[in-house]
Amino acid sequence: MPILEKRSVTAGGLTVTTMGLGGTGLGNMYRATDPKVALDTVQAAYDSGLRYFDTAPVYGFGLAETRLGEAIKTLPRRDIVISSKVGYDLVPIPKSEVKPVLWDEAPPFRAEFDYSRDAVLRSIESSLKRLGTDYIDMLAIHDPDEAIHFARGEDPYARSRFKEAMEGAYPALDELRSQGVIKAVGVGINQWQMLSDFVEAGQFDYFLLAGRYTLLEQEPLATLFPACERKGTKIVIGGPYNSGILATGAVKGATFNTRNAPADVLERVARLNAVCESHGVPLAAAALQFPFAHRLVVSVIPGARSVEELKQNLDYLSWPIPASLWSDLRHEKLIDAAAPLPAGAV
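Residues numbered from 1 in each chain as written. Predicted model: local features only at pLDDT ≥ 70, side-chain atom pairs only at ≥ 80, totals over all residues. Heavy atoms only, no water.

A few points about the sheet that holds strand 8 (residues 184-189)
Step number 1: Here we have 7 strands laid out as an open sheet, ordered 3-4-7-8-9-10-13, and parallel in their pairing. The open sheet has two edge strands with one neighbour each: strand 3 (52-54) and strand 13 (297-300). Each strand axis lies, on average, 25° off the axis of its neighbour in the sheet, ignoring direction.
Step number 2: Two elements, strand 10 (residues 234-238) and strand 13, share 3 bridges in a ladder whose sense is parallel. (Pairing = 2+ DSSP bridges. Helix = DSSP H or I, 4+ residues; strand = E, 2+ residues; numbered from the N terminus. Axes fitted to C-alpha atoms, helices over the stretch in contact; angles between N-to-C directions.)

Considering the pattern of salt bridges
Step number 1: As enumerated under the stated definition, the model contains 21 salt bridges in all.
Step number 2: Where Glu 125 meets Lys 129, a salt bridge forms, and the shortest distance between an N and an O atom there is 3.8 Å. Separated by 4 residues within a single helix, Glu 125 and Lys 129 lie in helix 3 (residues 117-131), roughly one turn from each other.
Step number 3: For Glu 125, a relative accessible area of 47% translates into the label partly exposed.
Step number 4: Taking the shortest distance from any N to any O, the salt bridge between Arg 212 and Glu 217 comes out at 2.9 Å.
Step number 5: Its relative accessible area of 16% is what places Glu 217 among the buried residues.
Step number 6: Three or more residues joined by partner-sharing salt bridges are found here, namely Glu 146, Arg 159, Arg 161 and Glu 164. (Salt bridge = Lys/Arg side-chain N within 4 Å of Asp/Glu carboxyl O. Buried < 20%, exposed > 50% of the residue type's maximum accessible area, 1.4 Å probe, protein only.)

Looking at the environment of Ser 126
Step number 1: Among the secondary structure elements, Ser 126 is positioned in helix 3.
Step number 2: Between the C-alpha atoms of Ser 126 and Leu 90, which are 36 residues apart in sequence, the distance is 9.6 Å.

Some points on helix 1 (residues 35-47)
Step number 1: With 13 residues, helix 1 should cover 18 Å at 1.5 Å per step; its first-to-last C-alpha distance of 19 Å lies within 8% of that length.
Step number 2: Among all positions of helix 1, only Ala 38, Thr 41, Val 42, Ala 44, Ala 45 and Tyr 46 are buried.
Step number 3: A distance of 2.9 Å separates the backbone nitrogen of Lys 36 from a side-chain oxygen at the start of helix 1, and that oxygen is part of Asp 34.
Step number 4: Trailing helix 1 by a residue or two, Gly 49 shows a phi angle of about 105°, which is positive. (Expected span 1.5 Å × (residues − 1). Polar contact = N/O pair within 3.5 Å; in protein donor to acceptor, adjacent residues only side chain to side chain.)

Description of the packing of aromatic side chains
Step number 1: With the rule as written, the count across this model stands at 10 aromatic pairs.
Step number 2: Plain terms: the ring middles of Phe 204 and Phe 207 are 5.6 Å apart, the flat faces sit at 45° to each other, and that makes the pair tilted.
Step number 3: Using a relative accessible area of 1% as the deciding quantity, one classes Phe 204 as buried.
Step number 4: Relative accessible area serves as the criterion here: at 0%, Phe 207 is assigned to the buried category.
Step number 5: Of the aromatic side chains, those joined through ring pairs into one cluster are Phe 162, Tyr 170, Phe 198, Phe 204 and Phe 207. (Phe/Tyr/Trp six-rings, centres within 6.5 Å; stacked < 30°, edge-to-face > 60°.)

Some thoughts on the packing of helix 5 (residues 193-201) against helix 6 (residues 224-231)
Step number 1: Close contact between helix 5 and helix 6 brings their axes to 10 Å; oriented N to C, the two are set at 20°. With respect to helix 6, the axis of helix 5 lies roughly parallel. The element helix 5 and its partner helix 6 pack so that their crossing is left-handed. When helix 5 is examined against helix 6, the residues Leu 195, Ser 196, Val 199 and Glu 200 are found in contact with a partner set consisting of Leu 224, Ala 227, Cys 228, Arg 230 and Lys 231.
Step number 2: Among the residues forming the contact of helix 5 with helix 6, the class breakdown is 5 nonpolar, 1 polar and 3 charged. (Parallel < 35°, antiparallel > 145°, perpendicular 65-115°, else oblique. Left-handed = near helix turned anticlockwise from the far one by under 90°. Contact = heavy atoms within 4.5 Å. Nonpolar A, V, L, I, M, F, W, Y, C, P; charged D, E, K, R; others polar.)

Focus on the pairing of strand 8
Step number 1: Judged by how many residues are buried, strand 8 sits mostly within the fold: 6 of 6 residues are covered.
Step number 2: Bridge analysis of strand 7 (residues 138-142) against strand 8 gives 5 bridges, and the strand direction is parallel. Residue pairing for strand 8: Ile 141 is matched across the bridge by Val 187.
Step number 3: Handedness of the crossover is the feature at issue here: the chain leaves strand 7, passes through helix 4 (residues 162-178), returns alongside strand 8, and the resulting connection is right-handed. (Right-handed = clockwise from strand over helix to strand, strands pointing away.)

Brief notes about the nonpolar core
Most often, soluble globular proteins keep nonpolar side chains buried together rather than apart.
Step number 1: Judged by nonpolar contacts, the single largest core of 101 residues is most densely connected at Phe 207, Leu 215, Leu 246 and Trp 326.
Step number 2: Per element, the largest residue contribution to this core is 7 residues, and it comes from helix 4.
Step number 3: Look past the residues within four positions of Leu 215 in its chain and what remains in contact with it is Leu 246, Leu 272, Leu 283, Ala 286, Ala 287, Phe 290, Trp 326, Leu 329, Leu 334 and Ile 335.
Step number 4: In terms of nonpolar packing, the next biggest core, distinct from the first, is built from 13 residues, Val 16, Met 138, Ala 140 and Leu 208 among them. (Core = buried A, V, L, I, M, F, W, Y, C linked by side-chain atoms within 4.5 Å.)

Following this line, the structure appears as structure tokens:
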């Protein structure tokens, strides 16, 4: 079992473990998770040294927060860090109108985007009740692009709520931070382009960047990351497996950005996997360890819907990887030439 170090999110002393638990599995993403299994997974995460738990109201329409809240009742609250999000308003609906798409067996709600100050304060109050705690350490503005998953060549600003987020949600969170109610303010999103605007428009402690700085793609290196370094904004990596394909490899039905992976992605992942196999290293282990080489990255938060998945992630995190693997990936031009490599690689 790896010994998890802690990295600083804020100058004020807030730290997170280098691996956290992503909360989508607790919210029944794609398929239902048994309630006891969900609670056991959180407990196993804590017992394994994880002290950082990420969640959001929209994950299972409140289910993920409720389950996390139930699980942490027996844990020392001051020992753990919880991050949640604002931007989705959960609206009750009749059970007859429930249409499971992403969240299986979810409570009867629909999600509506609302970044107004009143909606943010309501959202936080509801999150506190579901979590059963009197404070949340980190809060992020969630999906200000309406959770768009755009393909290459498509406009990442096709649906933008940047203005609403900066005029409503950000001032509310900034005020709570200045009062000491929360310790860190962030943005959680699946793209890096809009974050390049957020980093200039406000003072953000962290960005939860899902799927955009991985073994498969490193586009944020050129513009976003330098701006984050200048502003002191740290990075939490969500979706380190690019929603599946870096865990499964280029198999039939492999998913990328929650969709079936296109041919060019399958081809690149197959090449990544070939290099990893030549060194006797699982592709998933390289994928999980790669982001840590960048000094901005404070934590990687793969989801886990069972104790077994959690333990597998921990095994990948501690898997011995020779420096020659990273050098070979760079030689094959499978990693951006500007990407920092783990210690010992050239």
